[in-house]
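Residue-level structural notes
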Amino acid sequence: MTPLDADTRAGAVRPASPTSPVTGLTSAEVAERVALGQVNDVPVRSSRSLAEIVRANVLTRFNAIIGVLWVIMLGVAPLQDSLFGFVILANTGIGIIQEWRAKKTLDSLAVIGEARPTVRRDGVSAGIGTSRIVLDDLIEIGPGDKVVVDGVCVEADSLEIDESLLTGEADPVVKRPGDQVMSGSFVVAGGGSFQATRVGREAYAAQLAEEASRFTLVHSELRSGISTILKYVTWMMIPTATGLIISQLFVKDDDLKNSIARTVGGIVPMVPEGLVLLTSVAFAIGVVRLGRKKCLVQELPAIEGLARVDTVCLDKTGTLTEGGMDVTGLHLLDTGPHTVTGTDTATVADTGTGTGTGTGTGTEEAYVRSVLGALGVSDPRPNASLRAIADAYPAPGDWRRTAALPFSSARKYSGAAFTEGDGTAAPASTWLLGAPDVLLGADDPALARTGRLNERGLRVLLLARTERSLDDPEVAAGVRPTALVVLEQRLRPDAADTLAYFADQDVDAKVLSGDNAVSVGAVAGKLGLTGAVVDARGLPAEPEAMAGALDEGTVFGRVTPQQKRDMVGALQSRGHTVAMTGDGVNDVLALKDSDIGVAMGSGSEATRAVAQIVLLDNSFAALPSVVAEGRRVIGNITRVATLFLVKTVYSVLLAVLVVCSQVEYPFLPRHLTLLSTLTIGVPAFFLALAPNRERARPNFVRRVMRYAIPGGVLAALATFTTYLLARHHYSGEGALDAETSAATLTLFLVSMWVLAIIARPYTWWRIALVATMGAGFLLVLAVPWLQEFFALKLVGLTMPWAAVGIAVAAAAVLEFLWRWVDRRFPA
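Residues numbered from 1 in each chain as written. Predicted model: local features only at pLDDT ≥ 70, side-chain atom pairs only at ≥ 80, totals over all residues. Heavy atoms only, no water.

1. Let's talk about the overall build of the protein chain
- Scanning the protein chain for helices and strands turns up 28 helices and 21 strands.
- Every one of the 827 residues in the protein chain was classed for burial, and the buried ones make up 56%.
- Residue pairs at least 24 apart in sequence account for 73% of intrachain contacts in the protein chain once pairs closer than 6 positions are excluded.
- Just so you have it, the protein chain exposes about 33100 Å², and 59% of that area is on carbon and sulfur atoms. (Helix = DSSP H or I, 4+ residues; strand = E, 2+ residues; numbered from the N terminus. Buried < 20%, exposed > 50% of the residue type's maximum accessible area, 1.4 Å probe, protein only. Contact = heavy atoms within 4.5 Å. Areas by Shrake-Rupley, 256 points an atom, 1.4 Å probe, with all protein chains shown as cover.)

What follows is the structure, encoded as structure tokens:
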């Protein structure tokens with residue numbers, strides 16, 4: 001065998017090998033390609049490697065700063081002044097472990113929700129994982145299937161593929177044998193098979209989306225806001241730290257090691273080192289929690305994004321209703337002298353209703369049942385309606401399909417042509433099955449009957465005969481209505497409660513369905529969703545006018561896939577944050593363009609591929625859990641960010657005051673490590689993971705800084721005031737230690753009051769948390785060896801009580817200031 005060249009090994013385009021369209025590759029051919037590396041090795045969408053996780057958590061700007069300072073402190077000061085380095089190591093380790101847990105959860109859920117294309121090998125068709133596809137595999141596709149690798153069409157049965165996600169072209173492309181198919185496109189109608197010519201990273205979609213589709217923490221207001229804050233913190237740190245270094249090392253005539261220690265003590269607390277960590281941990285734990293509820297979050301910011309949504313667009317079928325349907329009635333229509341049975345002798349009578357029954361003459365009804373049965377098996381991949389019809393009406397054994405028109409969401413009907421019996425006793429017949437209000441004229445009397453059925457929430461399909469060929473663009477013109485097929489949809493038992501939850505949370509629900517508007521409105525009404533019902537065929541195309549109509553309406557019927565996309569865009573143009581739920585191929589474009597796409601696990605491969613959230617157990621009721629998890633993350637990170645940034649503000653301001661006053665920096669690293677642990681580190685960890693049902697609000701940076709700035713400024717002024725008073729009060733040997741202890745007491749008490757405010761509203765565990773942190777500081781002051789370890793010893797009574805008084809006054813002013821900020825600068 002001649003070795004393949006490098007381009008071929010990588011999956012580059014080349015003339016396709018003569019794969020048999022009947023049997024596909026043989027097992028030996030598959031093994032040969034696997035050995036040559038010609039497999040669909042693509043990046044895992046929802047995960048990154050352990051090495052990438054470690055690198056992202058360890059190699060950060062602030063870790064580099066802290067690491068350098070830690071190394072310096074290990075060389076010039078006692079171990080207790082280097083504790084901040086060990087804290088960073090512990091925090092980084094926690095972050096890596098939590099993100100690794102989230103990775104494992106994501107990977108395991110991704111396997112459950114993974115697309116499993118059907119591949120034909122050794123003459124047998126079977127679903128396999130996308131990573132097991134090899135070059136030249138013969139892959140079968142049908143409605144809703146995503147094209148997972150590039151290839152050449154081998155078989156086509158009215159195959160229509162939507163390439164809009166790749167090319168921007170909205171109209172489906174009809175594919176014939178020999179045509180190219182691109183990965184990332186999806187089937188909207190018909191079926192067929194194609195031979196893989198590019199696999200792995202050489203496939204078109206993989207080249208476009210390899211980086212964009214990886215596990216990511218971007219596109220999040222929280223993370224972008226934190227990045228903005230850290231950028232400004234860096235700018236503040238550089239000049240302040242430079243001034244502090246000069247002040248402590250060159251201006252003051254102190255011991256070099258002590259000067260270095262106090263300089264580092266001033267720089268370290270400027271770094272909000274735990275903020276990014278806690279954000280990552282909060283997101284990661286959210287993924288794990290939702291994973292237990294069989295909710296796959298394919299992009300972490302989707303947890304936050306859904307919590308910010310103010311409008312949720314729902315597809316009816318598969319979301320409000322279950323996928324299956326039941327035929328509950330067959331209404332034969334009076335068609336006058338038109339033929340029904342293939343002869344000119346029958347006039348079809350009007351009928352009543354019943355489960356799969358009608359009342360015309362036995363021969364007439366039996367013939368219509370035969371037509372429906374033949375239509376039911378005419379599509380190898382039937383939709384829910386056709387499956388219900390196939391279940392209700394057995395197919396005649398002597399009918400042969402001669403042509404087919406697969407169902408399309410854009411057309412709203414399907415069709416097939418048959419020869420009946422041996423093809424000689426009766427002429428060939430061509431039938432359409434679809435939406436009555438699409439196939440019939442506006443004045444047709446059958447529409448009145450259809451309307452009455454729709455008002456009861458029933459789905460109605462029209463069976464009609466046509467004299468035109470199925471490939472005629474006007475095949476639906478002049479059809480002969482023959483019967484109405486009535487189907488009942490099964491409501492999801494959890495849909496009503498979920499809609500009520502969204503209503504309670506001031507989230508507008510819009511139902512966008514391809515079904516009859518009256519029928520969809522009746523279904524929505526049963527679920528408690530009220531509002532105007534609109535036929536989307538009358539909607540204006542201009543985005544602003546469409547947005548106005550969407551604001552006024554609640555239920556929209558006869559919506560085309562392109563209209564769904566336009567409607568999402570129109571809502572976004574009004575400033576709405578839009579979530580779109582769906583399970584069918586007609587939802588793909590809207591899911592892709594929405595702020596948050598939510599797909600059902602049983603939905604098409606295409607919908608699962610473009611959605612940020614996949615409900616693996618198909619439970620619409622899982623959405624409130626996602627919203628709640630997002631609100632927990634947003635609310636709690638806002639709380640803890642305030643804690644961290646208060647510390648940054650008071651650290652920078654203290655350094656500035658020290659430089660301007662030409663005095664020793666009041667703290668050693670051990671003092672601020674103790675304060676940070678008790679007033680920020682430990683409480684922030686618990687607060688970040690606590691339940692929180694606050695509604696998500698925008699302007700994260702503004703909301704955090706409006707509290708952090710006054711809190712930090714007050715803490716710095718109160719602490720420096722105590723320090724200056726102590727410098728005048730104490731003198732002689734040990735004066736600096738006493739001054740530091742008094743300043744530390746004031747800073748701790750003010751920081752504790754900041755924590756007490758952040759912890760509101762109080763619950764028993766929040767009170768216990770604050771009390772425990774206070775008790776921890778008292779323990780340090782009371783135990784001699786801890787006093788010595790942390791260099792904290794209050795001397796006398798005057799200055800300690802003065803420190804307490806200054807802290808109490810600062811806390812009172814802080815309480816007033818934050819209340820004033822709430823009124824003056826509402827978020």
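Structure shown, so let's carry the discussion forward.
2. Observations regarding helix α19 (residues 561–573)
- The end-to-end C-alpha distance of α19, which contains 13 residues, comes to 19 Å, matching closely the 18 Å that a straight helix rising 1.5 Å per residue would cover.
- Regarding α19, the residues found buried are P561, Q563, K564, R565, M567, V568, A570 and L571.
- One or two residues past the end of α19 sits G575, with phi positive at roughly 85 degrees. (Expected span 1.5 Å × (residues − 1).)

3. Thoughts on the packing of aromatic side chains
- Per the stated rule, a full pass over the model turns up ten aromatic pairs.
- Centre to centre, the rings of Y232 and W235 are 5.3 Å apart; their planes meet at 85 degrees, and the pair counts as edge-to-face. Placement of both Y232 and W235 in helix α8 (residues 221–251) is noted, with a separation of three residues, approximately one turn of the helix.
- For Y232, a relative accessible area of 45% corresponds to the partly exposed category.
- On the basis of relative accessibility, which here comes to 52%, the residue W235 falls in the exposed class.
- A ring pair is formed by W399 and F418, whose centres lie 5.8 Å apart and whose planes are at 55 degrees; its orientation type is tilted. (Phe/Tyr/Trp six-rings, centres within 6.5 Å; stacked < 30°, edge-to-face > 60°.)

4. Some thoughts on the packing of helix α11 (residues 301–308) against helix α22 (residues 623–661)
- Where α11 meets α22, the closest approach of the two axes is 7 Å, and the angle between their N-to-C directions is 100 degrees. Accordingly, the angle class assigned to the pair α11 and α22 is roughly perpendicular. Facing α11, whose interface residues are I303, E304, L306, A307 and R308, α22 presents L623, V626, V627, E629, G630, R631, V633 and I634.
- Partitioned by chemical class, the residues of the contact of α11 with α22 number eight nonpolar, one polar and four charged. (Axes fitted to C-alpha atoms, helices over the stretch in contact; angles between N-to-C directions. Parallel < 35°, antiparallel > 145°, perpendicular 65-115°, else oblique. Nonpolar A, V, L, I, M, F, W, Y, C, P; charged D, E, K, R; others polar.)

5. Some words on the pattern of salt bridges
- Under the defined criterion, the tally for this structure stands at 27 salt bridges.
- D315 is the salt-bridge partner of K564, the closest N and O atoms lying 3.0 Å from each other. With a gap of 249 residues between them, K564 in helix α19 and D315 in the loop between β9 (311–314) and β10 (321–332) connect regions that are remote in the sequence. (Salt bridge = Lys/Arg side-chain N within 4 Å of Asp/Glu carboxyl O.)

6. What about the environment of A545?
- By secondary structure assignment, the location of A545 is in helix α18 (residues 543–552).
- Note: C-alpha distance between A545 and A570 (25 residues apart in sequence) is 8.6 Å.

7. Brief notes about the sheet that holds strand β19 (residues 578–582)
- The strand order β8-β21-β20-β19-β9-β16-β18-β17 describes an open sheet built from eight strands, whose pairing is mixed. Either end of the sheet is taken by a strand with one partner, and the two such strands are β8 (295–297) and β17 (532–535). With direction set aside, neighbouring strand axes in the sheet form an average angle of 20 degrees.
- Here β8 runs beside strand β21 (residues 613–615); their pairing, made up of three bridges, is antiparallel. (Pairing = 2+ DSSP bridges.)

8. Description of the environment of L675
- Secondary-structure assignment places L675 in helix α23 (residues 669–688).
- Taking the C-alpha atoms as reference points, L675 and T744, 69 residues apart in sequence, are found 8.2 Å from one another.
- Once residues within four sequence positions are removed from consideration, L675 is found in contact with I680, T744, L747, F748 and F777.

9. What to know about helix α28 (residues 798–824)
- Compared with an ideal rise of 1.5 Å per residue, which puts 27 residues at 39 Å, α28 spans 38 Å between its outermost C-alpha atoms and is within 8% of the ideal.
- Turning to α28, its buried residues number three or more, namely M799, P800, A803, I806, A807, A810, A811, L814, E815, W818 and V821.
- Those residues of α28 hidden inside the fold are in contact with α22, α24 (700–729) and α25 (735–758).

10. Structural notes on unusual backbone geometry
- A cis geometry characterises the amide bond from R760 onward to P761, with omega recorded as -5 degrees.
- Inspection of the secondary structure assignment puts P761 in the loop between α25 and α26 (764–782).
- Backbone geometry places A791, a non-glycine residue, at a positive phi of 55 degrees.

11. A look at the packing of α22 against α24
- One way to put it is that α22 packs onto α24 with a least axis distance of 7 Å and a crossing angle of 40 degrees. As judged from the angle between their axes, α22 and α24 are oblique. The chirality of how α22 crosses α24 is right-handed. (Left-handed = near helix turned anticlockwise from the far one by under 90°.)

12. What about the nonpolar core?
- In this structure, L306, I613 and F620 are the most contacted members of the largest nonpolar core, which totals 122 residues.
- No other element matches the 17 residues that α22 contributes to this core.
- With residues near it in sequence (within four places) discarded, L306 still touches A579, I596, I613, L623, V626 and V627. (Core = buried A, V, L, I, M, F, W, Y, C linked by side-chain atoms within 4.5 Å.)

13. With respect to a nonpolar patch on the surface
- Taken together, L50, V54, V58, L59 and W100 make up a surface patch of nonpolar side chains, about 410 Å² in accessible area.
- Among the elements that make up the nonpolar patch, the one with the highest residue count is helix α3 (residues 50–58) (three residues).
- Along the chain, the position of V58 falls in helix α3. (Patch = residues over 30% accessible without salt bridge, like charges linked within 9 Å, V, L, I, M, F, W, Y side chains within 5 Å.)

14. Describing the pairing of β17
- Two elements, β17 and strand β18 (residues 553–557), share four bridges in a ladder whose sense is parallel. Its bridge partner lying in β18, V534 is registered against F556.
- Each parallel crossover has a hand, and the one from β17 via α18 to β18 is right-handed. (Right-handed = clockwise from strand over helix to strand, strands pointing away.)

15. Brief notes about the side chain of S193
- Inspection of the secondary structure puts S193 in strand β7 (residues 186–198).
- We classify S193 as buried; its relative accessible area is 0%.
- A polar side-chain atom of S193 sits 2.6 Å from a polar atom in the side chain of E155.
- Once residues within four sequence positions are removed from consideration, S193 is found in contact with R120, L138, I139, E140, I141, C153, V154 and E155. (Polar contact = N/O pair within 3.5 Å; in protein donor to acceptor, adjacent residues only side chain to side chain.)

16. Points about the pairing of strand β2 (residues 124–127)
- Looking at chain direction, strand β1 (residues 118–121) and β2 are connected through four bridges and run antiparallel. Note on β2: the bridge partner recorded for T118 is G127.
- Count of turn residues in the β1/β2 antiparallel hairpin: two residues, of which D122 carries a positive phi of about 55 degrees.

17. What about the confidence of the model for the protein chain?
- Taken as a whole, the protein chain shows an average pLDDT of 80; of its residues, 86% reach a score of 70 or greater.
- The least confident element of the protein chain, judged by mean pLDDT, is helix α1 (residues 6–9) at 36; the most confident is α26 at 93.
- Residue range residues 1–16 is modelled with pLDDT below 50. Its contacts to residues more than four positions away, or to other chains, number 28 contacts.
- Counting interchain partners and residues more than four positions distant, the pLDDT-below-50 stretch residues 336–360 has 68 contacts. (pLDDT = per-residue confidence, 0-100.)

18. Section: the environment of A374
- For A374, the location among the structural elements is in helix α12 (residues 362–376).
- Taking the C-alpha atoms as reference points, A374 and I389, 15 residues apart in sequence, are found 9.7 Å from one another.
- Among residues more than four places away in sequence, those in contact with A374 are A395, P396, W399 and F418.

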